[in-house]
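Chains, contacts and geometry: an overview
Read off the chains here:
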Amino acid sequence: MGAAGERDDAAERGTIVTPSAELPPLAPEERAALGRIGERWREPRDPDELPVDPTLGRSGRPARPTRFGRLVPIEMFTVEEPGELVAGEPAHLPGSRTGRLLTRARRTLFGPPLSSASVLYERMRKLVALPVLSSDLLSSVAYGPEAMLSVLVLAGGAALGLSLPLAALLVVLMVAVGLSYRQTIPAYPHGAGSYIVAGDNLGRTPGLAAAAGLMLDYVLTVSVSVAAGVHAVTSALPGLAPLTVPLGVLVIAVLLAGNLRGVRTAGNLFVLPTYAFVLAVLALLVVGYARAAGRGFAPVSPPPVPAAEGLGLLLVLRAFSSGAVSMTGIEAVSNAVPAFRPTEWRNARTTLGWMVTMLVALFAGLVGLIHLDGLVPRPGETLLSQLGRETFPTGPWYAFLQATTALILLLAANTAFNDFPRLLFFMARDGHAPRRFLHMGDRLAFSNGLVALSLAAGLIFVAFRGNTASLIPLYAVGVFLAFTLSQTGMVVHWRRRRGPGWHRRLALNAVGATLSGLVLLTAAVAKFSEGAWVVVVAVPLLVLLFRRIHRHYATLHHALALHPPTPASSGPVGSAEGEELPQEVRHLVVVPVARLNRASLRALAYAASLGQPTLAVHIAPEEAEADRFREQWQAWGDHLRLETIVSPYRAVIGPLAHYLEALRTTRPELTLTVIVPEVVLRRRWHRPLHSRVEQRLRAALRALPGVVVTTVPVHLAE
């Protein structure tokens, strides 16, 4: 297989979403090394000779909960196959009463846990996926035209006539990018985020740049959508304007809770608002154009607006890039192909076609109707609200339009809640993001990614106090950076694959890449001083952060990867942490003893039962106490070697840690097993009454290589 084929196979494997991603399989060379290590493994006893039945099937006493299983026999484990147990739902309950209460509260809020096998059924059909994944794209028509006109009006009312040609150019851009992504979906049927496409075809750095742009896009999608939704509410109810920030934070929290319930459940929540918004805007367009037809489609003259700036190329470019935010979310379907029901890529491509068609119709229709009615942006009320008042002066339709607009804007952030955690999942699989983002929660949602998105979006929303106009300049750069790199990557993909019709596909993606690149440059230059510089600076910093994370994981993998064993040496050389065979491990068991009581004697007995060389260590604050302890040791019988260390400055952890380090320095091949007695306290309020020396010692020894710290618990009977 050639290099291109290997890249394609790797890309396909990297886009499959599965709960097992946290436990990746071994590489072929590691499997071979594992077999060689196993050939030299010499177990001191037969591994099957155990004092218990590990399958729990022949004991005659099924494992059950110890408290709440008294009346109803609930088995915690079931035997599915020989040698394999399946943990039942009771086995996932915490042991403490507080933990069980929190678990019940979480399940009441988010729903009962779903099994890993349910990941195949947590999919969306097209009629559900359309509102879920298009809410961001379609909702942007509520503020995209206004963003464009808000820039044009700076040159006076006469400049508003440019909205029609600019809207026509934006429609061309929408169609070109939409057709480009329709080609991307079958080429990457397991999910074709810009990160994967750019990284697979352009290299790691462009892929990371696309990921950085997407991450900023998703975070700002939540912030902008919520800000616009709250603005729609305050336009209809001005009395709520002082509560803009608390309302926005509350909406983000509700979106987080809804998405933590799972993809399918969250999707069902957003079906009705999206379809209701589309119905309301279509009704607005039908009635508005009917009214315009009654006057012969003669445009109403806009009110006189004084010019604050001269009409120049830079201002026109700023208006064009501002209007281009109406395309945000057009890539959502290609990112979420695995969320569709089979056949995934076919359903995703159909859904994207519906989305682009609806976007073009709504965007072009609204811009044209705003021009015909002679409306101009004004503070305190959105253009869509003005258009609604003009079109529906009486009746409930204006309230319906504003309610559905507010709902879809508030829920449009759900697109980011779908795609942001999935992007982090793919990045974490490649080692460019923390591995905690691989974890799927109780409801098969990427809980850590959802929480990270909510926190980042909430901070930005609060920092900008929910001001949509301040957030939009940050928005376009990240969006079109991802668009440009994704489409450029597809150009390389078609040129590399050269399948049937590749010239036509390459040309279409090249058009999309060129137009997206022009918008990217326009937004970065024209809006640099308005805040776009933040994204221009943030993207390289994020790429640097991703590379540093990858370097750490690469170092970790190299340190933990399996290598063929070296021939056994006769002398005690090497490091204890390099030993992988039981016959190579040389032990020294160390038991710190503060006083001779039941806890310390149990730790000493446990250490002696291991049959390894054992050393007891006592830290004394003065000579008199050291002599007294040695007398007690003799009275016990002096069964083990005792080393007494006098600490005249009364420190315990420091002298003990340095002493163990000194032992390691003299014999680096030794594995020091430090056994610490620990009294287990049943009540939390008892903990401040104890010094918790064992935890401090564990923390002090964690950085010392070749040292194993274990505790021997003694439970209080109270």
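Details of the structure are given in the entry above.
From a predicted model like this one, the values you see are computed outputs, not experimental measurements.

Look at phenylalanine 297: it is not a glycine, yet its phi comes out positive at around 55°. Structurally, phenylalanine 297 is set in the loop between α11 (271-294) and α12 (313-323). The phi angle at aspartate 638 is positive, at roughly 50°, despite the residue not being glycine. Checked against the element boundaries, aspartate 638 lands in the loop between α23 (623-636) and β5 (641-646). What makes aspartate 638 partly exposed here is its relative accessible area of 37%.

Membership of the largest hydrophobic core comes to 140 residues, with the highest contact counts inside it found for Val222, Val226, Met427 and Phe480. Look past the residues within four positions of phenylalanine 480 in its chain and what remains in contact with it is Leu173, Ala324, Met327, Ser516, Val519 and Leu520. Listed in part, the 21 residues of the second largest apolar core include Leu588, Ile653, Leu660 and Leu697.

A word on the packing of helix α6 (residues 163-187) against helix α20 (residues 502-526). The packing of two helices is summarised by the inter-axis angle and the distance between the axes. With their axes 9 Å apart at the nearest point, α6 and α20 run at an angle of 130° to one another. Relative to α20, the element α6 is oriented oblique. In this structure, α6 crosses over α20, and the sense of that crossing is left-handed. Residues Leu173, Ala176, Val177, Leu179, Ser180, Gln183 and Thr184 of α6 form the contact with α20, whose own contacting residues are Arg504, Arg505, Leu508, Asn509, Val511, Gly512, Leu515, Ser516 and Val519. Across the contact of α6 with α20, the residue classes tally to eight nonpolar, six polar and two charged.

This part covers the pattern of salt bridges. Within this structure, the stated rule accounts for six salt bridges. Across the salt bridge formed by arginine 378 and glutamate 381, the nearest N and O atoms sit 2.7 Å from each other. Look at arginine 378 and you get partly exposed, because its relative accessible area is 44%. When its relative accessible area of 9% is taken as the criterion, glutamate 381 is described as buried. Arginine 630 serves as the salt-bridge partner of aspartate 627, at 2.5 Å between the closest nitrogen and oxygen.

Further remarks concern the packing of aromatic side chains. Applying the stated criterion to the full structure yields eight aromatic pairs. An aromatic cluster is built from Tyr181, Phe480 and Phe483, whose rings are joined through pairwise contacts. Taking NZ or CZ as reference, arginine 505 lies 5.4 Å from the ring centre of tryptophan 494, over its face.

Let us now look at the sheet that holds β5. Across the sheet, five strands lie side by side as β5-β4-β3-β6-β7; this open sheet has parallel pairing. Both edges of this open sheet fall to β5 and β7 (707-715), since each of them pairs with a single strand only. Going from strand to strand, the sheet's axes swing by 25° on average, the running direction of each strand aside. In this structure, strand β6 (residues 670-680) lies alongside β7, joined through nine bridges in parallel fashion. Paired with valine 674 across the bridge in β7 is valine 709. Most of the contacts of helix α22 (residues 598-609) go to β7, to which it runs at about 130°, and overall it touches β3 (586-592), β4 (614-620), β6 and β7.

The subject of this paragraph is α22. In this model α22 runs 16 Å from its N-terminal to its C-terminal C-alpha over 12 residues, within 8% of the 16 Å that 1.5 Å per residue would give. Regarding α22, the residues found buried are Ala599, Ser600, Ala603, Leu604 and Ala607. Down the axis of α22, the buried set is contained in an arc of 135°. They therefore lie on one face. Exposed side chains of α22 directed beyond 90 degrees from the buried face belong to Arg598 and Ser609. Looking at the buried positions of α22, the neighbouring elements they touch are β3, β4, α23, β6 and β7. Two or three places before alanine 599, at the opening of α22, asparagine 597 has a side-chain oxygen 3.2 Å from that residue's backbone nitrogen. Phi turns positive, to about 70°, at glycine 611, one or two residues after α22.

Once that is clear, we can look at a nonpolar patch on the surface. Residues Phe528, Trp533, Val534, Val536, Val537 and Leu541 make up a contiguous nonpolar surface patch of about 520 Å² in total accessible area. Given the relative accessible area of 36%, valine 534 is considered partly exposed.

A cluster of basic side chains, namely Arg204, Arg547, Arg548 and Arg551, defines a positive patch on the protein surface. The element best represented in the positive patch is helix α21 (residues 528-560), accounting for three residues. Structurally, the position occupied by arginine 547 is in helix α21.

This next bit is on the pairing of β4. When you tally the buried positions in β4, you get seven out of seven residues, the bulk of the element. Both faces of β4 are covered, namely the face carrying Thr614, Ala616, His618 and Ala620 and the face carrying Leu615, Val617 and Ile619. The parallel pair β3 and β4, bridged by α22, forms a crossover whose chirality is right-handed. As paired elements, β4 and β5 share six bridges and run parallel to each other. Pairing of leucine 615 across the sheet is with arginine 641, part of β5. Note that the unit made of β4, α23 and β5 has a crossover that is right-handed.

Turning to the environment of leucine 411, a few remarks are in order. Within the secondary structure, leucine 411 is located in helix α16 (residues 397-411). By relative accessible area, leucine 411 is classed as buried at 15%.

Among the seven residues of β3, five are classified as buried, and the element is accordingly described as predominantly covered. Judged from the four bridges that link them, β3 and β4 form a sheet pairing that is parallel. Looking at the pairing, valine 590 lines up with leucine 615 of β4.

This part covers the side chain of threonine 484. Tracing the backbone shows threonine 484 in helix α19 (residues 468-497). By relative accessible area, which is 13% here, threonine 484 ends up buried. A distance of 3.2 Å separates the side chain of threonine 484 from the backbone nitrogen of glycine 517, its partner in a polar contact. Leave out the neighbours within four places in its chain, and threonine 484 touches Ala513, Ser516, Gly517 and Leu520.

Glancing now at the side chain of threonine 391. Tracing the backbone through its elements, the reader meets threonine 391 in helix α15 (residues 383-391). Of the polar contacts made by the side chain of threonine 391, one reaches the backbone oxygen of leucine 387; its length is 2.8 Å.

This part is about the packing of helix α4 (residues 126-139) against α16. Closest axis-to-axis distance for the α4/α16 pair is 8 Å, and the angle between their directions is 115°. For α4 against α16, the interelement crossing comes out left-handed. Contacts between α4 and α16 involve Ser135, Leu138 and Ser139 from the first element and Ile408, Leu409 and Leu411 from the second. Of the residues assigned to the contact of α4 with α16, the class counts are four nonpolar, two polar and no charged.

Conventions adopted
Residues numbered from 1 in each chain as written. Predicted model: local features only at pLDDT ≥ 70, side-chain atom pairs only at ≥ 80, totals over all residues. Heavy atoms only, no water. Helix = DSSP H or I, 4+ residues; strand = E, 2+ residues; numbered from the N terminus. Buried < 20%, exposed > 50% of the residue type's maximum accessible area, 1.4 Å probe, protein only. Core = buried A, V, L, I, M, F, W, Y, C linked by side-chain atoms within 4.5 Å. Contact = heavy atoms within 4.5 Å. Axes fitted to C-alpha atoms, helices over the stretch in contact; angles between N-to-C directions. Parallel < 35°, antiparallel > 145°, perpendicular 65-115°, else oblique. Left-handed = near helix turned anticlockwise from the far one by under 90°. Nonpolar A, V, L, I, M, F, W, Y, C, P; charged D, E, K, R; others polar. Salt bridge = Lys/Arg side-chain N within 4 Å of Asp/Glu carboxyl O. Phe/Tyr/Trp six-rings, centres within 6.5 Å; stacked < 30°, edge-to-face > 60°. Lys NZ or Arg CZ within 6 Å of the ring centre and 35° of its normal. Pairing = 2+ DSSP bridges. Expected span 1.5 Å × (residues − 1). Arc of directions from axis to C-beta. Polar contact = N/O pair within 3.5 Å; in protein donor to acceptor, adjacent residues only side chain to side chain. Patch = residues over 30% accessible without salt bridge, like charges linked within 9 Å, V, L, I, M, F, W, Y side chains within 5 Å. Areas by Shrake-Rupley, 256 points an atom, 1.4 Å probe, with all protein chains shown as cover. Lys, Arg positive; Asp, Glu negative; His and termini not counted. Charge placed at Lys NZ, Arg CZ, Asp CG, Glu CD. Right-handed = clockwise from strand over helix to strand, strands pointing away.

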